[in-house]
Amino acid sequence: MEKNWVFWLSSMYQNYSIGAFIENVMDFLIILSDVKKTHTVLDCGTGLGTLAFKLADKIDDGKVYALDVDDECVKYCNDLVAKKGLIYKIEVLKRSIDETKLQNALVDRVFSRSAIMYLKNKQKVFDEFYRILKDRGMVLAYEPIVGEKYFRIHKLLNPKKTPNFEFYKEIEEKIRNNEDDFIYNYDEKTIKNNLIKSEFKCVKVIKTYTYDYFDLTQERINRRIFYSNTPTIPDFKEKCLKYMNEQEFNIYYNEVIKQLKGKRTYAKTTGLFIIGIKNPKISDYLKLYLNIFILFFSYVIWRNLLSLLERIFKLEEIVF
Ligand SMILES: C[S@@+](CC[C@H](N)C(=O)[O-])C[C@H]1O[C@@H](n2cnc3c(N)ncnc32)[C@H](O)[C@@H]1O
């Protein structure tokens, strides 16, 4: 199957609930960052540049670096920057997150959404962020935790109707529990330790949960199996082929499609909001706590209050 990452990422955004969730996360990071018009900022693993373009809206005299290692994403972003006439403000860099090649103490804010997880050595990533940040500069990232037990295909299969169910379960667990697989082997504690070891202060790693319904179309199942969310690491099929041959995989895949296609499932996504400041002053701590409070109140409390009212009064639609 030929892979096209720009297509893959675009299709994520086209799904209403996923697209809205991702954009919300980006907006939260921007609110927490207290970014100023004059700031120099970096979006690491920018993909289609969604966060970088949002940041460009906030910045006047500063600069936005949009960095990605993938050729297709870099080309897509460069074309879009030119189309939007933002060449003077956004510079697209084809580099790896852990080797940005930017000079020391150049940037005020480093952002990232769902990209740090794809790097094997996360300590190196945070050391690099610390090096390129100015004093009082902040790192703000959101990374999903895909290693938790909720993401399991075999849990959606019917054990009684699935030949070789135990074999499939075992393989999936082996893949998910592989300590060397760096997309599964981190959590809030390891990330917090990384930040502290890099000498960040005011470190916050906030675990969040999101619940959503998903319609399992064939396209969505294929995305889970044949794509790894980033071009730099093997996908689920490639990982399965370590434990079964191509023919066995095809039987497994056909069974998955037969049983899951057209079903609706409820999924829980765990994610980490990651924040650290380099050599902060007291006022930086206060500002961050204030922004966390504002975000918490305006989004979490307000949203939950609305859905509570919705349930009490059985209102079908509340637009907010
Ligand atoms: C899941 S996408 C997220 C894209 C974007 N941040 C967003 O939220 O839409 C992961 C991105 O990280 C990029 N990436 C993966 N490993 C990278 C690395 N070592 N250096 C730079 N970018 C990387 C991929 O090319 C891909 O565009």
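Residues numbered from 1 in each chain as written. Predicted model: local features only at pLDDT ≥ 70, side-chain atom pairs only at ≥ 80, totals over all residues.

1. Let's talk about the overall build of the chain
Heads up, the condition is: Counting from the N terminus, the helices are DSSP H or I runs at least four residues long and the strands are E runs at least two residues long. With C-alpha atoms as the basis for the radius of gyration, the globule rule is written as 2.2 Å multiplied by the number of residues raised to the power 0.38. The exposure label follows from counting other C-beta atoms within 10 Å of a residue's C-beta, where the C-beta atoms are placed from the backbone and the thresholds are 20 or more for buried and 12 or fewer for exposed, leaving partly exposed in between. What counts as a contact is two residues whose backbone-derived C-beta atoms lie within 7 Å of each other.
Helix and strand content of the chain: eleven helices and seven strands. Taken over the C-alpha trace, the chain has a radius of gyration of 21 Å; the compact-globule value for 320 residues is 20 Å, and the two agree within 12%. By the burial criterion, 28% of the 320 residues in the chain qualify as buried. For the chain, restricting intrachain contacts to residue pairs at least 6 apart in sequence, the fraction spanning at least 24 positions comes to 74%.

2. Structural notes on the site of the ligand
Selection rule: Defining nearness, a residue is near a molecule or strand when the C-beta atom obtained from its backbone falls within 6 Å of it. Charged means Asp, Glu, Lys or Arg here, nonpolar means Ala, Val, Leu, Ile, Met, Phe, Trp, Tyr, Cys or Pro, and polar covers whatever is left, Gly included. Where each domain begins and ends follows an automated or database-derived domain assignment.
Residues in contact with the ligand amount to 24 residues; listed here are only the nearest, Gly45, Gly47, Val69, Asp70 and Ala115. Put simply, the parts of the chain that give the shell around the ligand at least two residues each are α3 (50–58) and β2 (63–68). Taken together, the residues of the shell around the ligand sort by class into twelve nonpolar, nine polar and three charged. The residues that make up the shell around the ligand include at least three from each of domain 1 (5–147 + 183–215 + 266–313) and domain 2 (150–181 + 217–262).

3. Considering the packing of helix α8 (residues 218–226) against helix α10 (residues 246–260)
For the record, the criterion: Fitted lines through C-alpha atoms give the axes, limited to the stretch in contact for helices. The angle between two N-to-C directions lies from 0 to 180 degrees. Take the far helix as the reference: if the near one is turned anticlockwise from it by less than a right angle, the crossing is left-handed, and if turned clockwise, right-handed.
Where α8 meets α10, the axes come as close as 10 Å, and the angle between the chain directions of the two elements is 145°. The chirality of how α8 crosses α10 is right-handed. Within the contact between the two elements, α8 uses Gln218, Ile221 and Ile225 and α10 uses Tyr253, Val256, Ile257 and Leu260. Here the contact of α8 with α10 is built from residues that sort into six nonpolar, one polar and no charged.

4. Observations regarding the domain arrangement of the chain
Parsing the chain into structural domains produces domain 1 (5–147 + 183–215 + 266–313) and domain 2 (150–181 + 217–262). In this structure, domain 1 and domain 2 have C-alpha centres spaced 29 Å apart. Facing 14 residues of domain 1, the contacting portion of domain 2 comprises 14 residues. For the side of domain 1 that touches domain 2, the elements supplying multiple residues, two or more each, are α1 (5–14), β6 (201–215) and β7 (264–277). Classifying every residue of the side of domain 1 that touches domain 2 gives nine nonpolar, two polar and three charged.

5. As for helix α4 (residues 71–83)
The condition that has to hold: Here the expected length of a helix is defined as 1.5 Å per residue gap, with one fewer gap than residues. The arc in question is formed by the directions pointing from the helix axis toward the C-beta atoms.
In this model, α4 (13 residues) spans 18 Å end to end at C-alpha, consistent with the 18 Å of a helix rising 1.5 Å per residue. Of all the residues in α4, the buried ones are Cys73, Tyr76, Cys77 and Val81. The arc that holds the buried residues of α4, viewed along the axis, is 130°, so those residues lie on one side. In α4, the exposed positions angled more than 90 degrees off the buried face are occupied by Asp71, Asp79, Ala82 and Lys83. At its buried positions, α4 is contacted by α1, β2 and β3 (90–94).

6. Side note on the environment of Tyr118
Within the element layout of this structure, Tyr118 appears in the loop between β4 (107–113) and α5 (122–132). We classify Tyr118 as partly exposed; it has 19 C-beta atoms within 10 Å. Taking C-alpha positions, Tyr118 is 29 Å from Leu86, a pair spaced 32 residues apart along the chain. Not counting the four nearest positions on each side in its chain, Tyr118 is found in contact with Ile183, Thr230, Thr232 and Ile233.

7. A closer look at the sheet that holds β4
The following threshold applies: Between any two strands, at least two bridges found by DSSP are needed for them to pair.
Taking strand neighbours across the sheet as the criterion, the seven strands line up as β3-β2-β1-β4-β5-β7-β6 in an open arrangement whose pairing is mixed. Strand pairing shows two members of the sheet lacking a second neighbour, β3 and β6, which therefore form its edges. On average, each strand axis in the sheet is tilted by 15° relative to the strand beside it, whichever way the strands run. Bridge count between β2 and β3: five bridges; the pairing is parallel. Residue pairing across strands places Leu67 opposite Leu93, the latter belonging to β3. In this fold α4 packs onto β2 and β3, with an angle of close to 165° to the strand it touches most, β3. Packed onto the sheet, helix α7 (residues 188–197) meets β6 and β7 and runs at close to 150° relative to β6.

8. Looking at unusual backbone geometry
Its identity is not glycine, yet Asn164 carries a phi of approximately 65°, on the positive side. Tracing the sequence through the fold places Asn164 in the loop between β5 (133–145) and α6 (165–176). Located in the positive-phi region is Asn279, a residue other than glycine, with phi close to 45°.

9. Here we look at the environment of Ile22
On the secondary structure map, Ile22 appears in helix α2 (residues 16–33). Along the chain, Ile22 and Met12 lie ten residues apart, while their C-alpha atoms are 9.1 Å from each other.

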